[in-house]
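Spelled out, the chains give:
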Amino acid sequence: MVFLLCFVYALAYPHEFVDIAVHTRLQDSSPKIHASLCASLASLNLTKPDIESLMEQNRTLSEHVTMLAVTLNRTTQERDNAQSLLASMIEDRKAGPLGTVKVTPTNPTVTPDEFLNPRLSKMLEEVAVRREVLVVLSNKFAQEKLKLWVSHVKRVGIPNYLVIALDDETVAFCEQNDAHVYRRDTDQKIDSIGKSDYAKSISGLKFLVMREFLQLGYGVILSDVDVIHLQNPFNHLYRDCDIESMTDGHDNGTAYGQIEDFIDPDMGRSSIIHTTRLWVYNSGYFYLRPTKPSIELLDRVWTRMDQDPGQWDQDVYNEELFFPSHPGYSGLFASKRSMDIYQFMNSRTLFKFARKDPALRKLLPAVVHVNYHLDKIERMCGVIDFYVNGNETALDPFTDGAF
C-alpha cells in the first residue's frame, strides 16, 4: 500500500515527491533499492482512471482519519471534564475547616408541567413577572374587602397579581373593576366549598388551588383578602427557602424564636425546664417557591383539611411545617424563613405596638394583614388613611385587641 501511495503521489506531484520522498526518506538508500522500487511500481501497470480512483480513496481515508482524531480528542476532553467534575463533587462532600461549612437551604425548582392546565398556564404567562405571582382567593361574601385589596394592589403598582374567583359574582366584580381574574374549571366539591360563607373552609381551599401554580413552575405569594399592600412585596423576599411566611409574632423573640423556661415545682432543683418557643406562622400570607417540599406542604395540609374540615388551616399549616420526625411520623423537610415583622406586619404588631412607638410609626410596611381583629373593613380603611392619606390620628380610635 505504501508503494502504491508513493506511486500515486509521484504522478500527481513529481517535484515534491523528489524533494520530500527521495531527499528526506530515501536519501540513504542505494541505487539498487531505487531501481527495485521503480520496478515494483511499474509492474502494477495502473491506468490513469485507476490512479485517480486511488487518489479519491486516499482523500476519503484521510478525511475519516481526521474525523476519528477529532472525535477521539473530544471524547478525551469529555472524559477529562467528567473526571474533573466527579473529583469536584467528591471534594465538595468533604467537610472543610472549622467555620467554613455552610449548607444552602435553597432546593431546586420543579420542571414546569405546562400541559397540566393550558388555560392557567397561558394566563400566568401574561400576568406573572419573573415567573412569580401574587394570588388571592375570594367569593361574593368578601367583595368589600376584595375591593380594597385590588385597589391598593393597583395603587402600589403590582402588575403580577391574580384573583381566584370562587363564584360567578366575583368574576363579574373583577371584570367590572378591570382586575386580573381566573375561575377554575367546574368541580362540584370545590365549588360547594368556594361558594360558602364559612371562612375556615375557604381558607383551607387555597392549599389545593395553589398546587397547580407550583406545578407550572411559578413562585406564589398567597394572600388573604383582609390585607392592604403599601409596597410591592416581591421587593422584600429573600427567595432562599422553600417557604417565607408572615408570623403572628410581634417582636424578635415571638417572631423568630427564643428559649423559654417552664417551671415544674415537683422537680425540686430540676424544676426549671428550658423550652423552645416560636409564635405560629400566619397561613394568610406566605410565599412558596415552586419546589417539591413546597408542593408536599400543600398536599399534607389539604389532605388533612379534606379529611377533617373542622380543623383550622393555620394549625395544620404550622404542625406540618414545624413538627419534627418522630416514631410513627415523618416530618416535612422544607426550608423556611420568617418574614420581617415590620415589613410584613400583622394587626397585633400594628395596633398594640407600632402605632404607639414614634420610630415604628415612621416605617412604611410592605403589607398590613388585619388578621387579629374582627372589625376588618374599618381597620383596613384606618390603615389606608394613616399610611396612604397621611392622617396621623387615623389609628387612634381603635382598641389594641378585638372586643
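Residues numbered from 1 in each chain as written. Predicted model: local features only at pLDDT ≥ 70, side-chain atom pairs only at ≥ 80, totals over all residues. Heavy atoms only, no water.

Help me out: how do you make sense of the overall build of the chain in this one?
Secondary structure assignment for the chain yields 15 helices and 12 strands. In the chain, which comprises 403 residues, the share counted as buried stands at 40%. Considering only contacts in the chain between residues 6 or more positions apart, those separated by 24 or more positions represent 72%. Accessible surface, the chain as shown: approximately 23100 Å² in total, 56% of it carbon and sulfur. (Helix = DSSP H or I, 4+ residues; strand = E, 2+ residues; numbered from the N terminus. Buried < 20%, exposed > 50% of the residue type's maximum accessible area, 1.4 Å probe, protein only. Contact = heavy atoms within 4.5 Å. Areas by Shrake-Rupley, 256 points an atom, 1.4 Å probe, with all protein chains shown as cover.)

Whenever I open this one, the packing of aromatic side chains confuses me. Can you help?
Given two aromatic rings, their pairing is described by the distance between the two centres and the angle made by the two planes. For the structure shown, the criterion picks out eight aromatic pairs. For the ring pair Phe351 and Phe398, a centre distance of 5.5 Å and an interplane angle of 70° mean the geometry is edge-to-face. Here Phe398 lies in the segment after helix 15 (376-387) and Phe351 lies in helix 13 (residues 347-353), a separation of 47 residues in the sequence. Each member of the pair Phe351 and Phe398 is classed as buried. (Phe/Tyr/Trp six-rings, centres within 6.5 Å; stacked < 30°, edge-to-face > 60°.)

How should I be thinking about the packing of helix 6 (residues 143-156) against helix 15 in this particular structure?
When two helices pack together, their arrangement is captured by the angle between the axes and the distance separating the axes. Two numbers describe how helix 6 lies on helix 15: the axes approach to 10 Å, and their chain directions differ by 20°. When the axis of helix 6 is compared with that of helix 15, the two are roughly parallel. Regarding helix 6 and helix 15, the two cross each other, and that crossing is left-handed. When helix 6 is examined against helix 15, the residues Glu144, Lys145, Leu148 and His152 are found in contact with a partner set consisting of Lys376, Ile377, Met380, Cys381 and Ile384. The class makeup of the residues in the contact of helix 6 with helix 15 is five nonpolar, one polar and three charged. (Axes fitted to C-alpha atoms, helices over the stretch in contact; angles between N-to-C directions. Parallel < 35°, antiparallel > 145°, perpendicular 65-115°, else oblique. Left-handed = near helix turned anticlockwise from the far one by under 90°. Nonpolar A, V, L, I, M, F, W, Y, C, P; charged D, E, K, R; others polar.)

What is the right way to read the confidence of the model for the chain from this model?
For any part of a model where pLDDT is low, the fine detail of the predicted coordinates should not be relied upon. Per-residue confidence for the chain gives a mean pLDDT of 87; residues scoring 70 or more make up 87%. Across residues 1-30 the pLDDT falls below 50, and counting only partners more than four positions away or on other chains, this stretch makes 31 contacts in the model. (pLDDT = per-residue confidence, 0-100.)

Help me out: how do you make sense of the sheet that holds strand 9 (residues 281-288) in this one?
For sheets, the rule is that strands pair by backbone hydrogen bonds, running either parallel or antiparallel. Taken together, seven strands build an open sheet; the order of strands is 3-2-1-4-9-6-10 and the sheet is mixed. Only two strands of the sheet have a single neighbouring strand rather than two, namely strand 3 (181-183) and strand 10 (336-338). Strand-to-strand twist across the sheet, computed as the mean angle between neighbouring axes with direction ignored, equals 30°. (Pairing = 2+ DSSP bridges.)

What's the story with the pattern of salt bridges in this structure? I'm lost.
Side chains bearing opposite charge may pair, as long as their charged atoms lie close to each other. Inspection of the entire model under this criterion finds 21 salt bridges. Measuring nitrogen to oxygen at the nearest pair gives 2.6 Å for the salt bridge that ties Asp299 to Arg211. A residue pair is termed long-range when its members are at least 10 positions apart, and Asp299 in helix 11 (residues 292-307) and Arg211 in helix 9 (residues 199-215) qualify at 88 residues. Glu320 serves as the salt-bridge partner of Arg300, at 2.9 Å between the closest nitrogen and oxygen. In this pair, Arg300 sits in helix 11 while Glu320 sits in helix 12 (residues 313-322), placing the two residues 20 residues apart along the sequence. Just as Arg300 is buried, Glu320 falls in that class too. Bridged by salt links that share partners, the residues Glu296, Arg300, Arg304, Glu319 and Glu320 form one connected network. (Salt bridge = Lys/Arg side-chain N within 4 Å of Asp/Glu carboxyl O.)

Would you mind going over helix 6 with me for this structure?
The α-helix advances 3.6 residues per turn, and as a result positions three or four apart in sequence lie on the same side. For helix 6, spanning 14 residues, the distance from its first C-alpha to its last is 20 Å, which sits close to the expected 20 Å at 1.5 Å a residue. Turning to helix 6, its buried residues are Leu146, Leu148, Trp149, Val150, His152 and Val153. Packing partners of the buried residues in helix 6 comprise strand 1 (132-138), strand 2 (161-165), helix 7 (168-176), strand 4 (219-223), strand 5 (227-229) and helix 15. (Expected span 1.5 Å × (residues − 1).)

What's the story with the nonpolar core in this structure? I'm lost.
Inside soluble globular proteins, nonpolar side chains tend to come together where they are buried. With 40 residues, the main nonpolar core has Val135, Leu137, Ile164, Met210 and Phe213 as its most contacted residues. Looking at this core element by element, the count peaks at seven residues for helix 9. Contacts of Phe213, omitting those with residues within four sequence positions, involve Leu120, Leu124, Val133, Val135, Leu162, Ile164, Tyr218 and Val220. Of all hydrophobic cores here, the second largest spans 28 residues; its members include Leu146, Tyr161, Leu237 and Ala366. (Core = buried A, V, L, I, M, F, W, Y, C linked by side-chain atoms within 4.5 Å.)

Sorry if this is basic, but what is going on with the environment of Ile377 here?
Tracing the backbone through its elements, the reader meets Ile377 in helix 15. Once you skip the residues sitting within four places of it in the chain, Ile377 turns out to touch Glu144, Lys145 and Leu148.

What is the right way to read the side chain of Asn232 from this model?
Along the chain, Asn232 falls in the loop between strand 5 and strand 6 (243-247). A residue is classified by how much of its surface remains accessible, and Asn232, at 17% relative accessible area, is buried. A distance of 3.0 Å separates a polar atom in the side chain of Asn232 from the backbone nitrogen of Phe234. If we ignore the near neighbours within four places in the chain, the residues touching Asn232 are Val156, Gly157 and Ile158. (Polar contact = N/O pair within 3.5 Å; in protein donor to acceptor, adjacent residues only side chain to side chain.)

I tried to follow the sheet that holds strand 11 (residues 344-346) on my own but got confused; where do I start?
What the three strands build is an open sheet, ordered 5-12-11; its pairing is mixed. In this open sheet, the two strands that pair with only one neighbour each are strand 5 and strand 11. Neighbour-to-neighbour, the strand axes of this sheet turn through a mean angle of 15°, independent of strand direction. Note that strand 5 and strand 12 (residues 367-369) share three bridges and pair antiparallel. Opposite Ile228, over in strand 12, you have Val368 as the bridge partner. Helix 15 rests against strand 5, strand 11 and strand 12 of the sheet, and its axis sits at about 20° to strand 5.

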